[in-house]
Amino acid sequence: MYSSSIFEGNLDNFSDKEPQRAPIGVFDSGVGGLTVLRQIYKQLPNESIIYFGDTAHLPYGIRSQAEILQYVREILVWMQQQRVKMVIMACNTSSALALENVRQEFSFPILGVILPGAKAAVQQGKRIGVIATPATAKSNAYRQAIVEIQPDVQVWQVSCPEFVPLIEQNRINDPYTLEVARSYLEPLIKQEIDTLVYGCTHYPHLAPVLRSLLPAQVKLVDPAVHVVAACTQELDLLTIRNTHLPMPTRFAVSGCPQQFAQSGLQWLGYTPLVEQVFLTDATVS
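Residues numbered from 1 in each chain as written. Predicted model: local features only at pLDDT ≥ 70, side-chain atom pairs only at ≥ 80, totals over all residues. Heavy atoms only, no water.

### Brief notes about the pairing of strand β10 (residues 250-253)
Consecutive residues of a regular strand have side chains that alternate between opposite faces of the sheet.
Line of reasoning, step 1. Neither face of β10 is open: one carries Arg250 and Ala252, the other Phe251 and Val253, and all of them are buried.
Line of reasoning, step 2. In this structure, strand β3 (residues 49-53) lies alongside β10, joined through four bridges in parallel fashion. For Tyr51, the partnering residue across the bridge sits in β10 and is Phe251.
Line of reasoning, step 3. Taken together, the three bridges between β10 and strand β11 (residues 274-276) define a ladder with parallel strand orientation. What sits directly across from Phe251, in β11, is Val274.
Line of reasoning, step 4. Since β10 and β11 lie parallel, the crossover through helix α12 (residues 257-268) that links them has a hand, and here it is right-handed. (Buried < 20%, exposed > 50% of the residue type's maximum accessible area, 1.4 Å probe, protein only. Helix = DSSP H or I, 4+ residues; strand = E, 2+ residues; numbered from the N terminus. Pairing = 2+ DSSP bridges. Right-handed = clockwise from strand over helix to strand, strands pointing away.)

In structure tokens:
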């Protein structure tokens, strides 16, 4: 089930003469990006995917911008070596703190989740709550993106440091998780929000818990849905959308492959083959 080399040699399957058959890279700090992966399966079933979980550095939400930049550069260098045609940052913290810095450094398109999520949010309501990791909340990336699109919208953000560890530990149904969620949502409910944005790709895993606490009229916005729609548009624009059968999804992590595979079973419905990858150091300039 777990290997450090089970995918060696597969690069030859992607010819430079057929760029549409090259894989899309997707990365996150852990299992959160699987919400994006599931949307790719749904919206782009012919695309081959390489998924990387930087579980050795989990959670990203408590890291500094310098750390995030270093991790993201290391991942993107590795993705480049795998000959990806595009990368989706399936991580709000990376999208907030690193996207603009690294976009000019690599030859393939790199998409983040914040702008697609912000666009979807302003189409849903005028009183928008954002739940996010501490780093994403501190960056104000969602507030800035939302207000830039629609200046008369009100935005409230809540930092949720405990959510990602609870999800990675598979404690969704733990009574403690419900109480933590209640405390995070309380200030947003008091503001009578009409829309709630998942400001972290992990958070859709908590949908049943959050839905049970929110007023029925509050709409939920999952940026994963919208970043994959943006990916579809980009692929069509560049005429590199795959029309052939996809390769099996390749899963790699920087930490423990067994733990990721066990979590993947719950979120994907099957136990993924997972390899451990040791990334090359990329010094932040």
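That shown, we press on.
### Section: the UniProt feature "active site" (unreviewed entry) in the protein
Line of reasoning, step 1. Following the UniProt record, the feature "active site" (unreviewed entry) maps to Cys91 and Cys200 here. A compact arrangement is adopted by the annotated residues: their sequence extent is 110 residues, whereas the largest C-alpha distance between any two is 6.4 Å.
Line of reasoning, step 2. Relative to the helices and strands, Cys91 is located in the loop between β4 (86-89) and α3 (92-97).
Line of reasoning, step 3. In contact with Cys91, other than residues within four places in its own chain, are Phe27, Asp28, Tyr60, Val113 and Thr201.
Line of reasoning, step 4. Here Cys200 lies in the loop between β8 (195-199) and α10 (207-213).
Line of reasoning, step 5. The contact partners of Cys200, leaving out residues within four places of it in the chain, are Asn92, Ile131, Thr133 and Val164. (UniProt positions renumbered as here; feature names shortened; annotations may be inferred. Contact = heavy atoms within 4.5 Å.)

### Remarks on the UniProt feature "binding site: substrate" (unreviewed entry) in the protein
Line of reasoning, step 1. Listed under "binding site: substrate" (unreviewed entry) in the UniProt record, and renumbered for this structure, are Asp28, Ser29, Tyr60, Gly61, Asn92, Thr93, Thr201 and His202. In summary, the annotated positions, though distributed over 175 residues, converge in three dimensions, the widest C-alpha pair being only 11.8 Å.
Line of reasoning, step 2. Looking at where Gly61 falls in the secondary structure, it is placed in the loop between β3 and α2 (65-81).
Line of reasoning, step 3. Setting aside chain neighbours within four positions, we find Gly61 in contact with Thr93, Thr133, Pro134 and Ala135.
Line of reasoning, step 4. Overall, His202 belongs to the buried group, its relative accessible area being 0%.

### Some thoughts on the packing of aromatic side chains
Line of reasoning, step 1. Summed over the entire model, instances satisfying the criterion amount to eight aromatic pairs.
Line of reasoning, step 2. Relative to Phe260, the ring of Tyr51 has its centre 5.8 Å away and its plane inclined at 40°; by these criteria the two rings are tilted. Taken as a pair, Tyr51 in strand β3 and Phe260 in helix α12 lie far apart in primary sequence, 209 residues in all.
Line of reasoning, step 3. With a relative accessible area of 0%, Tyr51 lands in the buried category.
Line of reasoning, step 4. Of the residues examined, Phe260 reaches a relative accessible area of 2% and is grouped as buried. (Phe/Tyr/Trp six-rings, centres within 6.5 Å; stacked < 30°, edge-to-face > 60°.)

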